[in-house]
Amino acid sequence: MTLVLASENIRPIEKAHDRKSFDCGNEALNRYLRDQARQDAEKRVAAPFVFTQPGNPKVLGFYTLSSSIIVMDELPAALMKRLPRYGQLPVTLLGRLAVDGTARGQGLGEFMLVDALRRSLEASQQIAAMALIVEAKNEQAESFYRHFDFQPFQQTPMRLFLSMAEIAKMFA
Ligand SMILES: CC(C)(COP(=O)(O)OP(=O)(O)OC[C@H]1O[C@@H](n2cnc3c(N)ncnc32)[C@H](O)[C@@H]1OP(=O)(O)O)[C@@H](O)C(=O)NCCC(=O)NCCS
């Protein structure tokens, strides 16, 4: 299947999106999309975005964004030094990101990640967030995020971050 990687193909999740056959190889992520994502959107505890092809409701990829906070001491010392000592800092959490097995290796994971970075940057101009953070579910996910220059937190290396200043530079 050749994917049309256009930003209008990534939209907030809706009832009409077909989530039943989505399979990224990780059952927890499949179940989340199938059973939980719409409720999270309705209750406004996460904002799930899905990728589909024009005229076909089958979800081929998804990611979620929500607001979060981090404890400042978790950041690398060099970055901490440049920030005010507020104890806790606002961030955006990329909670989940997954691609269906039929759509792998065609740049969709990267395309959705860039879309999430752009959305986070735009939102941070209205409600501040100093980084995008991710919680890698396994080593494959961790290496995916490291590939895109995410840095691990000191005490919890499966949690990674990319500063909003870096993200802003990417889109400058
Ligand atoms: C990780 C995942 C999202 C990647 O999606 P994908 O569409 O196959 O990846 P892409 O085709 O966009 O890859 C883009 C780039 O990332 C690289 N990449 C992909 N997976 C990678 C990995 N696990 N580790 C390191 N690099 C990786 C590709 O080589 C490619 O690099 P290049 O542009 O330099 O050639 C997908 O494999 C997936 O859904 N996995 C299961 C769910 C999961 O673990 N999600 C992670 C967060 S919870």
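In the block above lies the structure referred to throughout.
Now for a quick tour of the structure.

Definitions and limits used
- Residues numbered from 1 in each chain as written.
- Predicted model: local features only at pLDDT ≥ 70, side-chain atom pairs only at ≥ 80, totals over all residues.
- Heavy atoms only, no water.
- 1 Å grid on protein atoms, 1.4 Å probe; cavity = no way out; pocket = protein on both sides within 12 Å on 5 of 7 lines; lining within 4 Å.
- Points joined across faces, edges and corners; volume = space filled by probe spheres on them.
- Helix = DSSP H or I, 4+ residues; strand = E, 2+ residues; numbered from the N terminus.
- Nonpolar A, V, L, I, M, F, W, Y, C, P; charged D, E, K, R; others polar.
- Pairing = 2+ DSSP bridges.
- Contact = heavy atoms within 4.5 Å.
- Axes fitted to C-alpha atoms, helices over the stretch in contact; angles between N-to-C directions.
- Salt bridge = Lys/Arg side-chain N within 4 Å of Asp/Glu carboxyl O.
- Buried < 20%, exposed > 50% of the residue type's maximum accessible area, 1.4 Å probe, protein only.
- Patch = residues over 30% accessible without salt bridge, like charges linked within 9 Å, V, L, I, M, F, W, Y side chains within 5 Å.
- Areas by Shrake-Rupley, 256 points an atom, 1.4 Å probe, with all protein chains shown as cover.
- Near = heavy atom within 4 Å.
- Polar contact = N/O pair within 3.5 Å; in protein donor to acceptor, adjacent residues only side chain to side chain.
- Sits in = over half its atoms within 2 Å of the grid points.

1. What to know about the layout of surface pockets
Volume-wise, the largest pocket comes out at about 520 Å³. Listed by contribution, the elements that provide at least two residues to the lining of the largest pocket are β4 (88–99), α3 (108–124) and α4 (139–147). Looking at the lining of the largest pocket residue by residue, the classes come out as 13 nonpolar, 10 polar and five charged.

2. Quick look at the sheet that holds strand β1 (residues 10–12)
Sheet strands associate in pairs through backbone hydrogen bonding, adopting either a parallel or an antiparallel arrangement. Read across the open sheet, the seven strands follow the order β1-β2-β3-β4-β5-β7-β6; overall the sheet is mixed. Two strands close off the open sheet at either side, each with one partner strand: β1 and β6 (151–152). The pairing of β4 with strand β5 (residues 131–135) spans three bridges and is classified as parallel. Note on β5: the bridge partner recorded for Leu94 is Val134. The strands that helix α1 (residues 27–43) touches are β2 (47–53), β3 (56–71) and β4; relative to β3, the one it contacts most, it runs at about 70°. Helix-sheet contacts for α3 involve β1, β2, β3, β4, β5 and β7 (159–163), and the interaxial angle to β3 is about 45°.

3. Regarding the pattern of salt bridges
Taken as a whole, this structure holds 11 salt bridges when the rule is applied. Between Arg118 and Glu122 there is a salt bridge, with its nearest N and O atoms 3.3 Å apart. Of this pair, Arg118 and Glu122 both sit in helix α3, separated by four residues, roughly a single helical turn. Relative accessible area serves as the criterion here: at 43%, Glu122 is assigned to the partly exposed category. One salt-bridge network, in which partners are shared between bridges, spans Asp115, Arg118, Arg119 and Glu122.

4. Quick notes on the side chain of Ser124
Relative to the elements of secondary structure, Ser124 occurs in helix α3. The contact partners of Ser124, leaving out residues within four places of it in the chain, are Ala129 and Met164.

5. A few points about a nonpolar patch on the surface
A grouping of Val114, Met170 and Phe171 is seen on the molecular surface, where their side chains present a nonpolar patch of about 240 Å² in accessible area. Along the chain, the position of Met170 falls in helix α5 (residues 164–171). Given a relative accessible area of 44%, Met170 falls into the partly exposed group.

6. Here we look at the site of the ligand
For the ligand, the set of nearby residues contains 21 residues, the closest of which are Leu97, Val99, Gly107, Glu110 and Ser143. Contact distances for the ligand include 2.9 Å between an oxygen atom and a backbone N or O atom of Gly105. Within the contact set of the ligand, an oxygen atom lies 3.4 Å away from a backbone nitrogen or oxygen of Gln106. For the ligand, the protein covers 75% of the area, taking 920 Å² as the surface of the free molecule. With respect to the detected pockets, the ligand is housed in the largest pocket. Residue assignment for the shell around the ligand shows that the elements contributing at least two residues are β4, α3 and α4.

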